[in-house]
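Structural overview
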Amino acid sequence: MTTTPPPSILLHDHLDGGLRPTTVIELAAEVGHGLPTTDPDELARWFQQGADQRDLVTYLDTFVHTIAVMQTPAALERVARECGHDLAADGVLYAEIRFAPELHRERGLGMDDVLSAVTAGFAQAEQDTGIVLRTLVTAMRNGPHSDEAVDAAVRWKDRGVVGFDLAGPEAGFPPSRHRAAIDVALAAGLGVTIHAGEGDGVDSVADAVVCGAHRLGHGVRLVEDLDGETAQHVLQERIALEV
């Protein structure tokens, strides 16, 4: 007996974190990228092991392989389309999918090229399944491209982009390093979600809140000081935790 997944809304999903193993293998073969294994089941287990290590930096290493195969318009469009199909099959009605266009420029694409390809893939998935897909443009907090990223997000605001995100290694890279970009997003009316309280502590969450985050990616380290000023502010201002 098959069961239908309950309808749901998804607010935290990384485009480069949910590829089908078979897709990774096929795209890697096309571009000559080496993988830990070319067996789909073994590759799926390898990715899962990376997630199970419970170390953010180690976990992020697994993205090296997915990002490496997402460097052409065709690959980006395929991954986006399959993302929408897979989420619809899981019962998702609406999803906000995040990714960092700056990471997909190794073969000469510009940020607009990346957004165009992903948007086309989302549009096809919407047509095929009825799911609604929107985009969060991510800037890497350990990189120098947040100004470019937010400018791209603003340009695509009326073409599916609904928000701006900061992601990547958290400890040592506070959101306030990118305050200027965050301010641009806020001024443009974009939603702002910042990864905080995942790989670093309450101070990281406090910095994200001061920068104007509407939502917090994870934010689970608030449990370390639930009665503290930051946790109480998050509660009183109803700042959502994406967990």
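Here, the structure is the one placed above.
First, a word on what this report is: a plain description of the structure on this page. (Residues numbered from 1 in each chain as written. Predicted model: local features only at pLDDT ≥ 70, side-chain atom pairs only at ≥ 80, totals over all residues. Heavy atoms only, no water.)

1. What about the sheet that holds strand E6 (residues 215-218)?
Across the sheet, which stays open at both edges, the seven strands sit in the order E1-E2-E3-E4-E5-E6-E7 with parallel pairing between neighbours. Among the strands making up the open sheet, the edge pair consists of strand E1 (8-14) and strand E7 (240-242). Within this sheet the neighbouring strands show an average axis-to-axis angle of 25 degrees, counted without direction. Here strand E5 (residues 191-196) runs beside E6; their pairing, made up of four bridges, is parallel. Bridged to Thr193 within E6 is Arg215. (Pairing = 2+ DSSP bridges. Helix = DSSP H or I, 4+ residues; strand = E, 2+ residues; numbered from the N terminus. Axes fitted to C-alpha atoms, helices over the stretch in contact; angles between N-to-C directions.)

2. Brief notes about the side chain of Thr193
Among the structural elements, Thr193 can be located in strand E5. One polar contact links Thr193 to Glu242, side chain to side chain, over a distance of 2.9 Å. (Polar contact = N/O pair within 3.5 Å; in protein donor to acceptor, adjacent residues only side chain to side chain.)

3. Quick word on helix H10 (residues 229-236)
Since there are 3.6 residues in each turn of an α-helix, residues three or four apart along the chain are aligned in direction. Taken together, the buried positions of H10 are Thr230, Ala231 and Val234. Along the long axis of H10, the arc covered by the buried residues comes to 100 degrees, so they all point the same way. Those residues of H10 that are exposed and aimed more than 90 degrees away from the buried face are Glu229, Leu235 and Gln236. In the core, the buried residues of H10 are packed alongside helix H9 (202-210), E6 and E7. Following H10 by one or two positions, Arg238 has its phi on the positive side, about 55 degrees. (Buried < 20%, exposed > 50% of the residue type's maximum accessible area, 1.4 Å probe, protein only. Arc of directions from axis to C-beta. Contact = heavy atoms within 4.5 Å.)

4. Re the nonpolar core
If you look at the biggest cluster of nonpolar residues, it comprises 59 residues, and the most contacted ones within it are Leu15, Leu87, Ile97, Leu133, Phe164, Ile194 and Leu216. If one sorts the elements of this core by residue count, helix H6 (residues 111-129) sits on top with seven residues. Discounting residues that sit within four places of it in the chain, Leu133 has contacts with Gly84, Leu87, Ala95, Ile97, Phe122, Ala125 and Glu126. (Core = buried A, V, L, I, M, F, W, Y, C linked by side-chain atoms within 4.5 Å.)

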